[in-house]
Amino acid sequence: DSGVTQTPKHLITATGQRVTLRCSPRSGDLSVYWYQQSLDQGLQFLIQYYNGEERAKGNILERFSAQQFPDLHSELNLSSLELGDSALYFCASSTTGGMNTEAFFGQGTRLTVV
Amino acid sequence: DAKTTQPPSMDCAEGRAANLPCNHSTISGNEYVYWYRQIHSQGPQYIIHGLKNNETNEMASLIITEDRKSSTLILPHATLRDTAVYYCIRRGAGSYQLTFGKGTKLSVIP
């Protein structure tokens with residue numbers, strides 16, 4: 001158990017809908033990362049937050065947004081969902097997010113868009 | 001662009017040491033080498049990381065060559081539960097995120 005909690009574990013929704021994925025980081029960790037893993041793309045970095053502020057952005061679509069709240073939990077919002085958004089979404093956390101700090105991953109949310 | 005090169009797959013006999021190579025010939029002086037693994041569709045699991053010195057923890061050892069152009073992850077006594085995709089990742093200043101490549105699929109054979 002990494003200490004990173006993601007909910008829900010599974011989500012099935014229709015095209016055009018909006019969903020919110022939630023991540024609770026390990027106790028004491030200030031940085032949160034979001035990743036997407038689809039069959040044909042591997043693990044893709046989406047976005048990173050540090051203590052409530054956006055720190056780095058990857059290949060995140062404009063239909064997707066995220067935020068980190070004062071209690072340090074994070075949410076990833078996916079809107080106008082398309083079939084291609086079906087994927088595993090992972091959250092990771094680390095103490096500071098610096099290059100010498102390991103990140104620990106949650107077990108992911110499996111999103112299926114039908 | 002993960003900037004590391006790993007063999008796509010490897011086999012290892014159960015109980016033997018698994019040695020997973022990684023080439024990172026263009027690594028810069030302040031970039032760390034990280035290793036993660038992913039078992040089936042579970043969340044990636046941190047294994048170990050290092051800068052220039054060899055590192056060891058309860059899971060594995062990391063051997064980094066003196067010129068830092070390559071490294072080897074060693075699982076001393078592989079078990080069936082070590083079957084996974086292993087990722088070697090460079091991480092340095094300006095690269096806060098972990099950039100995953102295709103990794104090495106390690107199969108531990110009974």
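Draft legend 1. Structural detail: the overall build of chain A. The number of helices and strands found in chain A is zero helices and 11 strands. For chain A, the sequential pattern of α-helices and β-strands runs β-β-β-β-β-β-β-β-β-β-β. Here the C-alpha atoms of chain A give a radius of gyration of 13 Å, agreeing with the 13 Å that 2.2 N^0.38 yields for 114 residues. By principal-axis analysis of the C-alpha atoms, chain A measures approximately 40 × 30 × 25 Å.

Draft legend 2. Representation of the sheet that holds strand β8 (residues 74-78) of chain A in the model. All names here are of chain A. Spatially, four strands are ordered β1-β3-β8-β7 in an open sheet, and the strand pairing comes out antiparallel. Of all strands in the sheet, those with a lone pairing partner are β1 (5-7) and β7 (64-68), marking the two edges. Strand-to-strand twist in this sheet, taken as the mean axis angle between neighbours without regard to direction, amounts to 15°. Two strands pair when backbone bridges link them, and β7 and β8 are joined in this way by five bridges, in the antiparallel orientation. Its bridge partner lying in β8, Phe-64 is registered against Leu-78.

Draft legend 3. Here's a closer look at the confidence of the model for chain B. For chain B, the mean per-residue pLDDT works out to 93, and 96% of the residues sit at or above 70. At the level of individual helices and strands, chain B shows its lowest average pLDDT in strand β8 (residues 84-91) of chain B, which scores 95, and its highest in strand β9 (residues 104-109) of chain B, which scores 98.

Draft legend 4. Quick peek at the state of the cysteines. Residue and element names in this part refer to chain A. Under the counting rule described, the total for this entry stands at two disulfides over all chains. The residue that forms a disulfide with Cys-23 is Cys-91, at a sulfur-sulfur distance of 1.8 Å. Measuring the twist about the S-S bond at about -55°, one finds the Cys-23-Cys-91 disulfide to be left-handed. Here the residue Cys-23 occupies a position in strand β3 (residues 19-24), and Cys-91 occupies one in strand β9 (residues 87-94), the gap between them amounting to 68 residues.

Draft legend 5. Structural context of the pattern of salt bridges. All names here are of chain B. What the rule picks out here adds up to five salt bridges over all chains. Between Glu-31 and Arg-90 there is a salt bridge, and its shortest N-O distance comes to 2.7 Å. Here Glu-31, found in the loop between β2 (18-23) and β3 (32-38), pairs with Arg-90, found in strand β8; they are 59 residues apart in sequence, far enough to count as distant. Looking at Arg-90, the relative accessible area reads 8%, which means it is buried.

Draft legend 6. Focus on the sheet that holds strand β7 (residues 70-75) of chain B. Residues and elements named next belong to chain B. Spatial ordering of the open sheet is given by β2-β7-β6-β5, a layout of four strands whose pairing is antiparallel. The sheet is open, and its two edges are formed by β2 and β5 (55-56), each paired on a single side. Sheet topology note: the β5/strand β6 (residues 61-64) ladder contains two bridges and is antiparallel. Looking at the pairing, Glu-55 lines up with Leu-62 of β6.

Draft legend 7. Examining the pairing of β9 of chain A more closely. Residues and elements named next belong to chain A. The element β9 is extensively covered by neighbouring structure, given that eight of its eight residues are classed as buried. In β9, alternate side chains face the same way, and those of Ala-87, Tyr-89, Cys-91 and Ser-93 on one face and Leu-88, Phe-90, Ala-92 and Ser-94 on the other are all buried. Where strand β4 (residues 31-38) meets β9, seven bridges bridge the pair, whose relative direction is antiparallel. Looking across to β9, one finds that Gln-36 is bridged to Tyr-89. Direction of pairing for β9 relative to strand β11 (residues 109-113): antiparallel, over a ladder of three bridges. Across the sheet, the residue bridging to Leu-88 is Arg-110, located in β11.

Cut-offs and rules
- Residues numbered from 1 in each chain as written.
- Chains lettered and ligands numbered in written order.
- Predicted model: local features only at pLDDT ≥ 70, side-chain atom pairs only at ≥ 80, totals over all residues.
- Heavy atoms only, no water.
- Helix = DSSP H or I, 4+ residues; strand = E, 2+ residues; numbered from the N terminus.
- Rg over C-alpha atoms; globule rule 2.2 N^0.38 Å.
- Pairing = 2+ DSSP bridges.
- Axes fitted to C-alpha atoms, helices over the stretch in contact; angles between N-to-C directions.
- pLDDT = per-residue confidence, 0-100.
- Disulfide = S-S within 2.5 Å.
- Salt bridge = Lys/Arg side-chain N within 4 Å of Asp/Glu carboxyl O.
- Buried < 20%, exposed > 50% of the residue type's maximum accessible area, 1.4 Å probe, protein only.

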